[in-house]
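# Fold and contact review
Chain residues, written in single-letter form:
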Amino acid sequence: MPLAGPLESSVELASPTRPRTVRKIDENGKRTTEILVDINRDALSKRGWEVLEIRARVTTEFDDGGSPFHEVNLFGTARFNPLGWVDCFRFSRELSAPIVVTISSRSLSEFDISLLAFFASGEDLLKPIRFSGSRPFDTRSSFDHDDVFITVACFDAYEGGAFRLPTQPVKLDVEIVDETGRKGVSLRIDSADVLAFRAVSDGVEYGNIKLSGTILVGKLSDVWAMFRDADWIHDEKRLDASVPFCVSVPSIAIEFFDETGFLVGQEQVRLSAEVPVDSDCRLPSRVGEWLVDSAFDPSEFSAPPTRAVVRIVDFVA
């Protein structure tokens, strides 16, 4: 399957008039820099979110040996408007679409790291939500704080869990295979990178799976056929007697091979997204967007991985 280009949408600066400020905090030389944050307002608003405020800073501290340790800290306030949520890719609107923060430094890595800003559901969505978070940068070298870029966006599904910036990563050869043959609900992978790298700070091996793509929805008859085939509780033969209902999106399985073709490891990714059909038999009117930024442990493999096969498979519970 050929890889398409990255998803594009408008991005605005959170506070373009606020300057970056550098301050020495203590006598040990710890410094802090305020960083402007880019807000993808289009991605947020179509999923019901508005970021009212967000601030971020980079801090650098030094250990006893004089090596620097860098960390990004942020906080903000967001407000949810359920009426602005266009086409929820979940059966219930009790769980919000995830707000995701990505952090990058072009001088350190061509890749970024991400984190879920917060998890909101139920009564939490009735009032503005204050959130905070932090991520360390896996480097023992100095760099310019102005080279840190932070973006806030929103996705219909996000699976995260990688906590280290991939510095000097080795890219594995990646093959994408769709084993579902689905017509009603399918996944498309627009970008795929599987990385192995060794942390400078502790010498430990790490792995990172970075995938992004879209949720594709076919004809109503095909979506209905998928639901009917998978529904072992009800044996409804009529569409109007079954609505509303939803169909789970496929899962993603990653297989790791060494240079001899030996299968050395496997990972499973289950996207938290569904395609709903409402009581009026309507399907989502837009394409869903998802992001995977998860970790794996290559030190557990019997040999270093050199190739990965990313398989789109039928839903796995």
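The residue count restarts for each chain, going from 1 along the sequence in the order it is written. This being a predicted model, a pLDDT of at least 70 is required before a residue's local features are given, and a value of 80 or more before pairs of side-chain atoms are given or counted; all residues contribute to the totals for chains, interfaces and linings. Side-chain measures were taken over the full set of non-hydrogen atoms in the model, leaving aside hydrogen atoms and water.

Here the focus is the overall build of the chain. Only DSSP runs of H or I with at least four residues qualify as helices, and only runs of E with at least two residues qualify as strands; both kinds are numbered from the N terminus onward. When you go through the chain residue by residue, the secondary structure sums to two helices and 21 strands. Burial statistics for the chain: of 317 residues in total, 46% are counted as buried. By the convention used here, residues are in contact when the closest approach between their heavy atoms is within 4.5 Å. Across the chain, the fraction of contacts at a sequence separation of at least 24, relative to all contacts at a separation of at least 6, is 74%. In these tables, accessible area is a Shrake-Rupley quantity obtained with a 1.4 Å probe, and a residue counts as shielded only by the protein chains included in the view. When the accessible surface of the chain is totalled, it reaches about 15,800 Å², and 49% of it is carbon and sulfur. Accessibility here uses a 1.4 Å probe with only protein chains present; expressed as a share of the type maximum, an area under 20% marks a residue as buried, one over 50% as exposed, and anything in between as partly exposed.

A two-sided burial pattern is seen for strand 16 (residues 245-248), the buried positions comprising Phe-245 and Val-247 on one face and Cys-246 and Ser-248 on the other. Sheet topology places strand 16 next to strand 19 (residues 274-277); four bridges connect them, and they run antiparallel. Paired with Ser-248 across the two strands is Glu-274, which belongs to strand 19. Only when DSSP finds a minimum of two bridges between them are two strands counted as paired.

Moving on, we get to the packing of aromatic side chains. Any Phe, Tyr or Trp ring, taking Trp's six-membered ring, that has another such ring centre within 6.5 Å forms a pair; planes under 30 degrees apart are called stacked, those over 60 apart edge-to-face, and the others tilted. Enumeration over the complete set of coordinates arrives at 11 aromatic pairs. Taking 5.3 Å as the distance between ring centres and 80° as the angle between the ring planes, the aromatic pair formed by Trp-49 and Phe-118 counts as edge-to-face. With Trp-49 in strand 5 (residues 47-62) and Phe-118 in the loop between strand 8 (112-116) and strand 9 (129-137), this pair connects stretches of sequence that are 69 residues apart. On the basis of relative accessibility, which here comes to 3%, the residue Trp-49 falls in the buried class.

In space, the five strands of this open sheet follow the order 11-20-15-14-12, with mixed pairing throughout. Strands with a single pairing partner mark the edges of an open sheet, and in this sheet they are strand 11 (157-160) and strand 12 (170-171). Here strand 14 (residues 185-198) pairs with strand 15 (residues 205-217) via 13 bridges, running antiparallel. By the bridge assignment, Ala-196 is partnered in strand 15 with Gly-207.

In these notes, a set of buried Ala, Val, Leu, Ile, Met, Phe, Trp, Tyr and Cys residues joined through side-chain atoms within 4.5 Å is what counts as a nonpolar core. With 38 residues, the main nonpolar core has Phe-256 and Trp-290 as its most contacted residues. Examining the composition of this core, we find that six residues originate from one element, strand 14, more than from any other. Counting residues in hydrophobic clusters, the runner-up holds 35 residues, among them Val-51, Ile-54, Cys-88 and Leu-108.

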